[in-house]
Amino acid sequence: MSKKLPVEDDDEALARAVRTSAQQIWQAGLGAFAKAQEAGEGGRSFTRLVRDGSVLARRAREVEEATGTVARAAERAARRSSGSWGKLEQVFEERVARALATIGVPAASEVEALRRRVDELEMMLAELAGRLPASDTQKKRTRRAPKPGPADEDEGA
């Protein structure tokens, strides 16, 4: 009786396996009863076998019920934890956002707004640069102070 039930979804194969197992169990019971009759114990052995079988059946039911109870409890816990996990994630995100704001890190929306504003200003500058004559553009470039190079920085040190 060490055969395992088929794992496949074939209902007919599963039914055959269950019938075969049930038949083997019945035959084992008849064999045990026959041995008890041969030994001359008769009714006492049969009674003992029935009692032992009842104990095993009760234990099997208890294990099955406990397994079902644990499975249901695990399912309930999984449902509850998924909701709790979402709440925990939201609380975490809010706290991180508050901490970043406290140290002066801009939010993603603020950075995006700033990027859009820079794009607008660049377009306005491009339009203005296109309107100015070339000589005015050259004058504006020469009015700016030159950027300090690496040699200029070393002189100040």
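Conventions we followed
- Residues numbered from 1 in each chain as written.
- Predicted model: local features only at pLDDT ≥ 70, side-chain atom pairs only at ≥ 80, totals over all residues.
- Heavy atoms only, no water.
- Helix = DSSP H or I, 4+ residues; strand = E, 2+ residues; numbered from the N terminus.
- Areas by Shrake-Rupley, 256 points an atom, 1.4 Å probe, with all protein chains shown as cover.
- Salt bridge = Lys/Arg side-chain N within 4 Å of Asp/Glu carboxyl O.
- Buried < 20%, exposed > 50% of the residue type's maximum accessible area, 1.4 Å probe, protein only.
- Expected span 1.5 Å × (residues − 1).
- Patch = residues over 30% accessible without salt bridge, like charges linked within 9 Å, V, L, I, M, F, W, Y side chains within 5 Å.
- pLDDT = per-residue confidence, 0-100.

Asker: An account of the overall build of the protein is requested, with residue identities and associated values reported.
Answerer: For the protein, the count of helices and strands is five helices and zero strands. The linear arrangement of helices and strands in the protein, starting from the amino end, is α-α-α-α-α. When the accessible surface of the protein is totalled, it reaches about 14100 Å², and 59% of it is carbon and sulfur.

Asker: Describe in detail the pattern of salt bridges, supporting the description with residues and values.
Answerer: Summed over the entire model, instances satisfying the criterion amount to six salt bridges. The closest approach of N and O atoms between R115 and E112, which form a salt bridge, is 2.5 Å. Of this pair, R115 and E112 both sit in helix 3 (residues 108–131), separated by three residues, roughly a single helical turn. Here R115 falls in the partly exposed class, since its relative accessible area comes to 41%. Given a relative accessible area of 31%, E112 falls into the partly exposed group.

Asker: Please give an account of helix 2 (residues 43–102) that cites residues and values.
Answerer: Taking 1.5 Å per residue as the helical rise, helix 2 with its 60 residues ought to reach 88 Å, and the 86 Å between its terminal C-alpha atoms agrees with that figure. G104 occupies a position one or two residues after helix 2 and carries a positive phi of about 90°.

Asker: Let's hear about a nonpolar patch on the surface: which residues, and what values?
Answerer: A surface patch of nonpolar side chains, about 460 Å² in accessible area, is lined by F92, V96, L100, I103 and V105. The topology assignment puts L100 in helix 2.

Asker: Tell me about the confidence of the model for the protein, and name the residues and values.
Answerer: Low pLDDT means the predicted coordinates in that region are not meant to be read closely. Mean pLDDT over the protein: 76, with 76% of residues reaching 70 or higher. Averaged over each element, pLDDT in the protein is lowest for helix 5 (residues 150–156) (51) and highest for helix 3 (91).

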